[in-house]
Amino acid sequence: MKFKWLLICGAMLPLRGGFAQPWTGSPLHASAKTSRQAIIITGKVTDGNGQGIPGTSVSLKGTTLGTNTDTDGNFRLQIPEGTSNPTLVFSYVGYATQEIAVGSQTTVNVQMKDDSRALSEVVVVGYGTQKRSDITGSVASVPKARLSQLPVTNVLQAVQGSVAGVNISQPSSVPGATPSTTIRGQNSINANSGPFVVVDGIPLSKTGGSLNDINPNDIESMEILKDASAVAIYGTNGANGVILITTKRGSTGKPTIRYNNYVGIEEFSHVLRPRNGAEYVQKYADFIAQTGQKAPFPVPNYDELPNYNAGITTDWIKESTQTGVLQDHNLSISGGSPNVRYFVSGEFLDQKGLVKGYNYKRASFRSNLDVTLTDFLTVGTSLFIANNNRDGGRANLLNASAMSPYGQMYNANGTYKIFPMFPEQLFSNPLLGLTTDRLDRSTNLNGNGYVEVKLPGKLDGLKYRMNIGYSYIPSRTGSYTGRAANDLLGTANTFFSETNSFTLENIISYTKDFGKHHFDFTGLYSAQQRKYGTTSGSSTGFVNDQLSFNNLGAGATQSSSSYADRYALNSQMGRVNYSYDSRYLLTVTARNDGSSVFGGNTTKYGLFPSAALGWNISNEAFMKNQSIVNNLKLRFSYGKTGNEAISVYRTITTSNTGRSPFNGISTIGTFPGNLGNNNLQWETTVSQNLGVDFGLFNDRINGSVELYKNRTKGLLLLRSLPIMTGYSSVFDNLGETSNTGVEVTLNTRNLTASDFKWETTLVFASNRNRIVDLYGDKKDDLGNRWFIGKPISVIYDYKMIGVWQQGESAADQDPGAVAGDLKFADINGDGKITPDGDRIILGQTAPKWTGGLTNTFHYKNLHLSVFIQTVQGITRNNADLTYADETGKRNTPIEVGYWTAENKSNTRPSLAYRNTRGYGYASDASYTRIKDVTLSYNLNQNLANKLGLGSLTVYASGRNLYTFTNWIGWDPEAVQSSRGSGDWTNNYPLTRSLVLGLNVSLR
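Residues numbered from 1 in each chain as written. Predicted model: local features only at pLDDT ≥ 70, side-chain atom pairs only at ≥ 80, totals over all residues. Heavy atoms only, no water.

Caption draft 1: Summary view of the overall build of the protein. Of the regular secondary structure elements, the protein holds 9 helices and 48 strands. Computed over C-alpha atoms, the radius of gyration of the protein comes to 32 Å, within 12% of the 30 Å expected from 2.2 N^0.38 for 1003 residues, which places it in the range of a compact globule. For the protein, the share of sequence-separated contacts (at least 6 apart) that also reach a separation of at least 24 residues comes to 69%. Element-wise, carbon and sulfur atoms account for 55% of the exposed surface of the protein, whose accessible area totals about 42600 Å². (Helix = DSSP H or I, 4+ residues; strand = E, 2+ residues; numbered from the N terminus. Rg over C-alpha atoms; globule rule 2.2 N^0.38 Å. Contact = heavy atoms within 4.5 Å. Areas by Shrake-Rupley, 256 points an atom, 1.4 Å probe, with all protein chains shown as cover.)

Caption draft 2: Highlighting the environment of Thr481. Structurally, Thr481 can be placed in strand S23 (residues 462-481). Exposure remark for Thr481: the relative accessible area of 26% places this residue in the partly exposed category. Considering only alpha carbons, one finds Thr481 and Thr540, 59 residues apart in sequence, at a separation of 9.7 Å. Not counting residues within four places of it along the chain, the set of residues in contact with Thr481 comprises Thr436, Asp487, Gly490 and Thr491. (Buried < 20%, exposed > 50% of the residue type's maximum accessible area, 1.4 Å probe, protein only.)

Caption draft 3: Here's a closer look at the packing of aromatic side chains. A full pass over the atoms with the stated rule returns 21 aromatic pairs. Between the aromatic rings of Phe764 and Trp849, the centroid separation amounts to 5.6 Å while the plane-to-plane angle is 40°, which identifies the pairing as tilted. Of this pair, Phe764 sits in strand S37 (residues 756-773) while Trp849 sits in strand S42 (residues 849-859), and the two are 85 residues apart along the sequence. On the basis of relative accessibility, which here comes to 29%, the residue Phe764 falls in the partly exposed class. Here the aromatic rings of Phe824 and Tyr919 are separated by 5.2 Å at their centres, their planes lie at 65°, and the arrangement is edge-to-face. One end of the pair, Phe824, is in strand S40 (residues 822-824); the other, Tyr919, is in the loop between strand S44 (875-877) and strand S45 (922-924), with 95 residues separating them in the sequence. Through a chain of ring-to-ring contacts, three or more aromatic side chains come together here, namely Tyr798, Phe824, Tyr919 and Tyr921. Here the basic side chain of Arg146 rests over the ring of Phe867, its NZ or CZ set 4.2 Å away from the ring centre. (Phe/Tyr/Trp six-rings, centres within 6.5 Å; stacked < 30°, edge-to-face > 60°. Lys NZ or Arg CZ within 6 Å of the ring centre and 35° of its normal.)

Caption draft 4: Summary view of helix H4 (residues 277-291). Across its 15 residues, H4 extends 21 Å between first and last C-alpha, which sits within 8% of the 21 Å expected from 1.5 Å per residue. All of the buried residues along H4 are Gly277, Tyr280, Val281, Lys283, Tyr284, Asp286, Phe287 and Ile288. Buried residues along H4 sit in contact with helix H5 (305-310). Here H4 starts with a cap whose side-chain oxygen sits 3.3 Å from the backbone nitrogen of Ala278, and that cap is Asn276. Positive phi shows up at Gly292, right after H4, with a value of about 70°. (Expected span 1.5 Å × (residues − 1). Polar contact = N/O pair within 3.5 Å; in protein donor to acceptor, adjacent residues only side chain to side chain.)

Caption draft 5: Quick peek at the sheet that holds strand S3 (residues 66-68). In space, the 4 strands of this open sheet follow the order S3-S2-S5-S6, with antiparallel pairing throughout. At either margin of the open sheet sits one strand with a lone partner, and together these are S3 and strand S6 (98-101). Strand after strand, the sheet turns through a mean of 20° between neighbouring axes, direction not considered. (Pairing = 2+ DSSP bridges. Axes fitted to C-alpha atoms, helices over the stretch in contact; angles between N-to-C directions.)

Caption draft 6: Looking closely at the nonpolar core. Phe268, Val299, Val355, Leu397, Trp970 and Tyr988 are the most contacted members of the largest nonpolar core, which totals 25 residues. Counting residues per element, the ones that place at least two in this core are H4, helix H6 (316-320) and helix H7 (397-402). Per-element accounting of this core gives the leading share, 3 residues, to H7. Each residue touching Val299, except ones within four places of it in the same chain, is listed here: Tyr280, Val281, Tyr284, Glu304, Leu305, Tyr308 and Tyr406. The next biggest cluster of nonpolar side chains, apart from the first, holds 22 residues, and it includes Val159, Val163, Leu211 and Ile224. (Core = buried A, V, L, I, M, F, W, Y, C linked by side-chain atoms within 4.5 Å.)

Caption draft 7: Quick peek at the confidence of the model for the protein. Put simply, the protein has an average pLDDT of 89, and 95% of its residues get 70 or more. Segment residues 1-36 is flagged for pLDDT under 50; beyond a separation of four residues in sequence, or across chains, it makes 102 contacts in the model. Within the model, the stretch residues 116-120 combines pLDDT values under 50 with 12 contacts to residues more than four positions away or in other chains. (pLDDT = per-residue confidence, 0-100.)

Caption draft 8: Region of interest: the pairing of strand S32 (residues 683-696). Direction of pairing for strand S29 (residues 629-643) relative to S32: antiparallel, over a ladder of 14 bridges. Each residue of the ladder has a partner; that of Leu634, found in S32, is Val692. Relative to strand S33 (residues 701-713), S32 runs antiparallel, the two sharing 13 bridges. Residue pairing for S33: Thr685 is matched across the bridge by Thr712. The hairpin formed by S32 and S33 contains 4 residues between the paired strands, and Phe697 there has a positive phi angle of roughly 55°.

Caption draft 9: Here's a closer look at the side chain of Asn767. By the secondary structure assignment, Asn767 is in strand S37. With a relative accessible area of 19%, Asn767 lands in the buried category. Within polar-contact distance, the side chain of Asn767 engages the side chain of Tyr708 at 2.8 Å. Sequence-distant contacts of Asn767, that is, excluding residues within four places in its chain, are made with Arg184, Gly185, Tyr708, Asn739, Thr740, Gly741, Pro847 and Lys848.

Caption draft 10: Summary view of the pairing of strand S15 (residues 219-225). Among the 7 residues of S15, 7 are classified as buried, and the element is accordingly described as predominantly covered. The pairing of strand S10 (residues 139-141) with S15 spans 3 bridges and is classified as antiparallel. If you follow Ala140 over to S15, its bridge partner there is Ile224. Alignment of S15 against strand S16 (residues 242-247), held across 6 bridges, turns out to be antiparallel. Across the sheet, the residue bridging to Ile219 is Thr247, located in S16.

Caption draft 11: Main features of the sheet that holds strand S4 (residues 74-79). Strand order in the open sheet formed by 3 strands is S4-S1-S7, with mixed pairing between adjacent strands. On the outer flanks of this sheet lie S4 and strand S7 (110-111), each paired with one strand and no other. Relative to S7, strand S1 (residues 39-46) is paired through 2 bridges, and the arrangement is parallel. Bridging from a neighbouring strand, Thr46 pairs with Gln111 of S7.

Caption draft 12: Highlighting a nonpolar patch on the surface. A cluster of nonpolar residues, Tyr584, Trp615, Phe622, Leu634, Phe636, Tyr638, Leu690 and Leu707, forms a patch on the protein surface that exposes about 750 Å² of accessible area. When residues in the nonpolar patch are grouped by element, the largest group, 3 residues, is from S29. Position of Leu690 relative to the elements: it lies in strand S32. Overall, the relative accessible area of 37% leaves Leu690 in the partly exposed class. (Patch = residues over 30% accessible without salt bridge, like charges linked within 9 Å, V, L, I, M, F, W, Y side chains within 5 Å. Salt bridge = Lys/Arg side-chain N within 4 Å of Asp/Glu carboxyl O.)

Caption draft 13: Inspection of the environment of Thr653 at higher detail. Along the chain, Thr653 turns up in the loop between S29 and strand S30 (655-662). Thr653 sits 21 residues away from Asn674 along the chain, and the two C-alpha atoms are 5.4 Å apart. When residues no more than four places from it in sequence are discounted, the contact partners of Thr653 are Asn674, Leu675, Gly676 and Tyr727. From its side chain, Thr653 meets the backbone nitrogen of Gly676 in a polar contact 3.0 Å long.

Rendered as structure tokens:
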């Protein structure tokens, strides 16, 4: 049985003019009337099993008159007097739309037929919609099941791996963290390569907001624009692809109340377990033997002796973590009259992190309103507020994994011991962060509105729309570290920021059909502005820890700073779509953008045109008499997009300020800051795309294949300068990159029995990213690891070929190497290992190809979905394999291991190895993951009706259930910082979640 809460996805036309309401009694068997007399039509809409389909849209063709079926699938509709040849149109999400001529009938019963393409029949393409069959660019729709049936805090987590050409990674699973996303590879070297995000027609990107602010339950559809023809309408904003999100809106009918809830637990998907007591002692004994030392104790430090002698051990990973708990409550109400439609929702998300102290809470509220004031005038709003809370001091997982199992957690008075392995002070107690005060909050206040005018009469088809968007995002962070966390003076920091963003869009569109010719035009003038400001303060030297960060003036030493900037973009755009007989398609787009980031010596404007052709081969006459191919379309697009790629004020030479003593007085002085370049211009990408859409055997098999090539020139590259100039670097238009790739999406309906159905979706994408040129001389930049003809991000290092064993002589090739040291390949054959001659490119940090496989099984009201994700051809340096001089001082993972004369390991060095070459331990980070499995049950509609419910669904879902990989570490996707590098607060590996959910609706 279909989910009743899917009603809002259907084509529910507003009721206007005549009398229309859900059927509430027995059919009225009126006598046949002429077409010019008013008649009342009743009937029932059912699925293939004879079950009524509630919420089916029933409309009178050619008018705005319509109604929806009631909870049993019944409807009642009055046809006005004077209607000639009335035809009823029946539509519902997931079923083929049907048109039935009324004739002299007063009772019309309809059985709907499944249509796998109905879900994507109308697609949002930016400043409008198009039929899927009319699209000439590369536009991917995210499967609706992944938007509505997965318990995620950020919608990108549900999209990961499910759309070809969209690479989403989660380097840290910190609650509330936003995944990183690239579409069709990395075009820029220094610039951000993330896509542009638009919600309900108004930009979310560049406003300071993120997709964490959008409640996934509020999302109706999500489209991803990938090629130049699709993204050119957004100009510079579309340089790295565009994500379009449409939130749910109200529909005509009595109110529908929906409550969605899930509760679950989280645990690490894999634990890189440190050594236990006996293993730790053995490792230390081996370290002493390999380094030729004598140890006074069986453990490295005397503070470990009491617990060692008493046989007391501590599992520091266990002490620093807890069972993560995730819960979400979402309540929405939607409905409306023919003239006023509304959707209101509220959500509360609470995620207690797996590592102690990590928390994320989100409270959000949304109100979408559409009001038809007259036959030609409609106004509406999309308002939401989202409050994000990440408060709390945090445990240190990096230190927890390093602690000796014999380390002392507490002092005699019950407080945390600062250095559990004293006198070793390299690693402090991992729980100290829990004693600090930490505040981290932000709010997104977002208000969007529109006015839409449809002109009547001879100007029918001409429409004007004005969109206005405003967002205000204040954020505040504060922290205090006191005596309990080993800060004897006390340090307080506060940071305030606010972002004000404004968008105004004027859109005019015109649609007209002339026989077999279809024409539509869209014109745009828009202005965007963002103002950003910060104020920060810090203080040290507090007499006690009582005031935390709430009184910086109480500190002995204070400092403060502030910053502000302004960004603006003005744009004009025109787009023309033309089709002949739904066979030959043409799209031409041009957008002119003017950005405030560019300097005075060049124009701030850039023109970005594109063109696309489409051929619906399946609509040709020679395709009519065959039954194998029901859909076949060929598409080609070519265009140019631009990228600002730099932040504001980078074209201006600026100085920084600092204090220094002069004649005994603290004096403000200046020193070089940013070296500006007034000649900076747009970074431009020329894109080509060839696509084939197909459907076979009545869409039992359907999908698409895409080939693309992107060439980016005039990169806004940060080139190095001699330090004697006073500046270390400057932006310039230099270099060229390319991205070529293939994308495949395949959908199959494997079994379609009456009670059992099996469907499969397969996606595959391969991207080849290359640097074509850097400084115009076709030479590599070794310092930045940029190489001509190679990917932008590579691993450049020595090639390890084993470990020197006892009896082998390394004197000639690697003087100083001894048994147990890593053995490297002599690449240039000169008999010596040198940095200049023996380092090579070992791999790329972006995947060579990605894929996803979804199998969905339906048995009556029971549904099972299994999604498997794979990422292949990715290489990363592994921080969990190198501990340099830390080996004798810290615990190490049992999984990592080490060389001894007895085990003769040929992959791991001895404990005495110091890694003086800085080898990064490049490792294969490819993986295949059981990403999510969801089992759901829909309550039988007849039983739901008896219980007074519109629908009821219960489900169990598991995410990140198992990972197949050769990676040694926490997870191949997680980026772990080692001591002294990166940010330890992001050392939060991938988590596995198990949740139970309930979705219920009342009508």
